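# Observations on chain architecture
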There are 2 protein chains.
Amino acid sequence: MTDSPEYLKKRAFFDSLLTIYGRKPVLEALEDQSLPVHKLHLADSNRKDQLISRIEQLAAERKIDVAHCDRKELSRISKNARQDQGVALDLALPHYGTAETFLEENSDTHFELLALDGITNPQNLGMIIRSACAGGIDGIILPRKGCAQIDPLVIKASVGTLFKTRILRCDQLAPVLEQFAKRGARVCALSSHAHETLQTIDDEKPNIFVLGNETHGVGPAVDKACTHRLRIPMQNGVESLNVAITAALISFRHQS
Amino acid sequence: MTDSPEYLKKRAFFDSLLTIYGRKPVLEALEDQSLPVHKLHLADSNRKDQLISRIEQLAAERKIDVAHCDRKELSRISKNARQDQGVALDLALPHYGTAETFLEENSDTHFELLALDGITNPQNLGMIIRSACAGGIDGIILPRKGCAQIDPLVIKASVGTLFKTRILRCDQLAPVLEQFAKRGARVCALSSHAHETLQTIDDEKPNIFVLGNETHGVGPAVDKACTHRLRIPMQNGVESLNVAITAALISFRHQS
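Residue indices begin from 1 for each chain and proceed along its sequence in written order. The naming scheme follows written order: chains are lettered A onward, ligands numbered 1 onward. Owing to the predicted nature of the model, reporting of local features is limited to residues with pLDDT of at least 70; listing and counting of side-chain atom pairs is limited to 80 or more, with chain, interface and lining totals taken over all residues. With hydrogens and water stripped out, all remaining heavy atoms of the structure feed into the side-chain values.

In superposing the copies, a least-squares fit is computed on C-alpha atoms, taking residues whose pLDDT is at least 70 in both. Of the transformation placing chain A onto chain B, the axial shift is 0.0 Å and the rotation is 180 degrees, giving an RMSD of 0.0 Å. Viewed as a symmetry operation, the transformation between the two copies matches a two-fold axis. Residues of chain A ranked by C-alpha distance from the rotation axis are headed by I245 of chain A, positioned 2.9 Å from it. The contact criterion used throughout is that any non-hydrogen atoms of two residues lie within 4.5 Å. The residues that chain A uses at the interface reappear at the interface of chain B in 100% of cases, marking a shared surface.

Okay, structure coming up:
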């Protein structure tokens, strides 16, 4: 049995939803007219302050669907009761989807992706998104577990680029990378212990560059799914680079 | 009247001193046998804890000169009473000196330097040092005023590379850059508004790349001293990069 076109369309829409939270991030997203908004969620318990008033005013002006709910329901929506401040916003980002869908749609084209394995520092995640977006990377595979998730700190550190970057979600990274490799993509783990260097990689095949945890590097399961291991040559006996710096050197390698 | 060779040697020695402070940074520096230490300063008021005991033990083992002084004198030495924790250490770094001396010694050679104007975030300063060191930059000009200074946060963010990197101190950046330009160096301000791009710069002349404040960019006096203005081309309408990312793309431009 195959899924009906109606069902697939609906699923693609829900995959494109990104829920952000926190009064300031939600207000800034509403102020950006280029961002397609699906729905605003407000907790009944919210005390009205200037930010809430401005959020309600903008939602009215932009004719955005507003859902009022109790505090508990709101934390179910935001998935972060401690930081949501009673406010959540569903963005319908056309650039936001799943790694599987990306692979279906791009099996015949060249692409360059980053894939993140255990990047837990929100500052680093935001900087990676910013650099990859500026360098023209086609997307960032961000697993739902084991990585920092898109929260107000990440949005802030991405300096507005989160909403312009193709974020591809998946549950587990290793099986997704295996699928990409099966379709002919090079899956390259960045590691300071690798023999080959980043410069040895050409553009004849699609490339996925896998960046590992800030301290432990790429994990064993993900490493096993990689077809190549690459390092960035370093001078003065330096052993490693910040992961966001590595992401930038990859993303800009054709330009600088 | 010219300065005597004896005086010049003494001055060069004092220019090479870097005073660090804080119990953990001092302990880590003492543990690194490759770092030449000049003197350890301890406040009389220090309560002995494990870190202090270990610091004293290492100083004895390494036969390092220890000066005991009162709390007030110690904060005069550390220049940071709030963070020194009663401990300061003078390192005699051969790689540490003044921009003026560097220019005298390297007037006939090719070099690439970074110069920092108003980089106030210690995290960014540490990351710039780390990336520049790994990319093989010949030195970083760090003015004594208007920039973050070398403190425990910077040392931590530099991940050990601070002690391998040639840090060149100066009082004011603009007159120093003018001297470099007069001797034939290109002095290039990085700015997202520039017409020329980083790739247009060759190695026929020594190059100095000036990085400005995280929010305001290069200041007017320093900008006036620059002979070139350069940008890094960005995609997706991104307007700026983190300053440490910019430093990395410059430092690695011959390698990636």
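On to helix 6 (residues 122-135) of chain A. All names here are of chain A. The end-to-end C-alpha distance of helix 6 is 20 Å, a good match for the 20 Å that 14 residues give at a rise of 1.5 Å each. Only protein chains enter the accessibility calculation, which uses a 1.4 Å probe; a residue is then buried when its area is under 20% of its type maximum, exposed when over 50%, and partly exposed in between. Strands are runs of DSSP state E lasting at least 2 residues, helices are runs of H or I lasting at least 4, and numbering of each runs from the N terminus. Summarising burial for helix 6: twelve of the 14 residues are buried, a large majority. Measuring from the side-chain oxygen of the N-cap residue of helix 6 to the backbone nitrogen of Q123 gives 2.8 Å; that N-cap residue is N121. Two residues or fewer past helix 6, G136 is found with a positive phi of approximately 85 degrees. By definition here, a helix of n residues has an expected span of 1.5 Å times n minus one. Whenever two N or O atoms come within 3.5 Å, that pair is a polar contact, provided that in protein one can donate a hydrogen and the other can accept it, and provided that, for residues adjacent in sequence, both atoms are side-chain atoms.

This part covers the interface of chain A and chain B. Of the residues lining the interface, 28 residues belong to chain A; the matching set on chain B comes to 28 residues. Simply put, the buried area is the total loss of 1.4 Å probe accessible area from both parts when two parts are fitted together. The contact between chain A and chain B buries some 2500 Å² in all, and 58% of this surface belongs to carbon and sulfur atoms. Here a salt bridge means any side-chain nitrogen of Lys or Arg lying within 4 Å of a carboxyl oxygen belonging to Asp or Glu. Across the chain A-chain B interface, the total number found is zero salt bridges. Where chain A packs against chain B, one counts twelve residue pairs in polar contact (both at pLDDT 80 or more). Of all the secondary-structure elements, those providing two or more residues to the side of chain A that touches chain B are helix 6 and helix 10 (243-251) of chain A. Element by element, the count of residues in the side of chain A that touches chain B is highest for helix 6 of chain A, at six residues. Looking at the side of chain A that touches chain B residue by residue, the classes come out as 13 nonpolar, twelve polar and three charged. Asp, Glu, Lys and Arg are counted as charged, while Ala, Val, Leu, Ile, Met, Phe, Trp, Tyr, Cys and Pro are counted as nonpolar; the rest, among them Gly, fall into the polar class.

Quick look at the sheet that holds strand 2 (residues 37-43) of chain B now. Residues and elements named next belong to chain B. A pair of strands counts as paired when DSSP detects no fewer than two bridges linking them. The sheet built from four strands is open, its strands ordered 1-4-2-3 with mixed pairing. Two strands bound the open sheet, and with one partner strand each, they are strand 1 (17-21) and strand 3 (66-69). With strand direction ignored, the average angle separating the axes of adjacent strands in the sheet is 20 degrees. Pairing geometry for strand 2 and strand 3, over four bridges, is parallel. Considered in strand 3, the bridge of H41 is made with A67. To get an axis, a line is fitted to the C-alpha atoms, and for a helix only the part in contact is used. The angle between two axes follows their N-to-C directions and goes from 0 to 180 degrees. Sheet strands in contact with helix 2 (residues 23-31) are strand 1, strand 2 and strand 4 (87-92), and its direction is about 35 degrees off that of strand 4.

A few words on the packing of helix 6 of chain A against helix 10 of chain A. All names here are of chain A. Here helix 6 crosses helix 10 at 10 degrees, and the two axes come no closer than 8 Å. Classed by the angle they form, the pair helix 6 and helix 10 counts as roughly parallel. The residues of helix 10 that touch helix 6, namely those facing N124, M127, I128, S131, A132 and G135, are V243, A244, A247, A248 and S251. Each residue belonging to the contact of helix 6 with helix 10 can be placed in one class, and the counts come to seven nonpolar, four polar and no charged. If an angle is under 35 degrees, it is roughly parallel; if it is over 145, roughly antiparallel; if it lies from 65 to 115, roughly perpendicular; otherwise it is oblique.

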